[in-house]
Amino acid sequence: MTSIRSTLSGARIRPYLLLLCLGLAWGVHWPVAKIGLRDLPPFTYGTLRVGGGLAVIVVMLAARRGLSLPDRRDLPVVASVGLGQMAAGIAAMNLALPLVAAGRSSILVYTMPLWVGLFQLSTLRAGGAGRQVAGLLIGLTGIALLLSPQSIDWGSGGQLFGSAVLLVSAVIWAATTIHLRHHRWHGTPFSLMPWQL
């Protein structure tokens, strides 16, 4: 009985631990990237980042005997994620980070869910549309407060350019997310990852 309880409590805790690890990894990544971009050109840093990730994924899939060519029907999503989310996102981040503070950069890119909400306003369910629109407005207000527009140096072309690039990246990521949501998968997202990288 004790082992069943410990297994259940472990199963309940695991998703929260994974979420915590994901949040830490994503949060720490921005200042680390800002430091890395002091010494490396943006595209060199991006290539090293993607190449390192690709090597790890290929080894993991090969160990599971899961490395294979993608199904032809998954090629649109491979292109969408590979070009839209990965290539455009990494290029935008690496170009903007030398110009914009890491904290502000991460907030701008992580506006992605709000863009998804804006793009899908016409598909809101009748019963919950009011709450969803209210949530979207609260989110946009929160972003505006977090970004503190009065602290932006509006005369700095570099800071404005970097901020605009990050917002475009968030919009592209949102479009990719909508595509992923509506895609009928033939391979698994994990098996397609090397081809996206």
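This is a predicted model, so every value here is computed, not measured.

1. Describing the pattern of salt bridges
- For the coordinates displayed, the defined rule picks out one salt bridge.
- Its salt-bridge partner being Asp71, residue Arg73 comes within 2.9 Å of it at the nearest N-O pair.

2. Overview of the layout of surface pockets
- What the largest pocket holds in volume is close to 1,100 Å³.
- Those elements that place two or more of their residues in the lining of the largest pocket are helix H1 (2-39), helix H2 (42-63), helix H3 (75-96), helix H7 (157-182) and helix H8 (189-196).
- With seven residues, the top contributor of residues to the lining of the largest pocket is H3.
- Its residues assigned to classes, the lining of the largest pocket shows 20 nonpolar, eight polar and one charged.
- Within this model, the second largest pocket holds a volume of roughly 260 Å³.
- Lining the second largest pocket are 17 residues; nearest its centre among them are Leu108, Ile143, Leu147, Ser163 and Leu167.
- Looking at the lining of the second largest pocket, the elements that each hand over two or more residues are helix H4 (102-109), helix H5 (112-119), helix H6 (129-147) and H7.
- The class makeup of the residues in the lining of the second largest pocket is 14 nonpolar, two polar and one charged.

Thresholds applied
Residues numbered from 1 in each chain as written. Predicted model: local features only at pLDDT ≥ 70, side-chain atom pairs only at ≥ 80, totals over all residues. Heavy atoms only, no water. Salt bridge = Lys/Arg side-chain N within 4 Å of Asp/Glu carboxyl O. 1 Å grid on protein atoms, 1.4 Å probe; cavity = no way out; pocket = protein on both sides within 12 Å on 5 of 7 lines; lining within 4 Å. Points joined across faces, edges and corners; volume = space filled by probe spheres on them. Helix = DSSP H or I, 4+ residues; strand = E, 2+ residues; numbered from the N terminus. Nonpolar A, V, L, I, M, F, W, Y, C, P; charged D, E, K, R; others polar.

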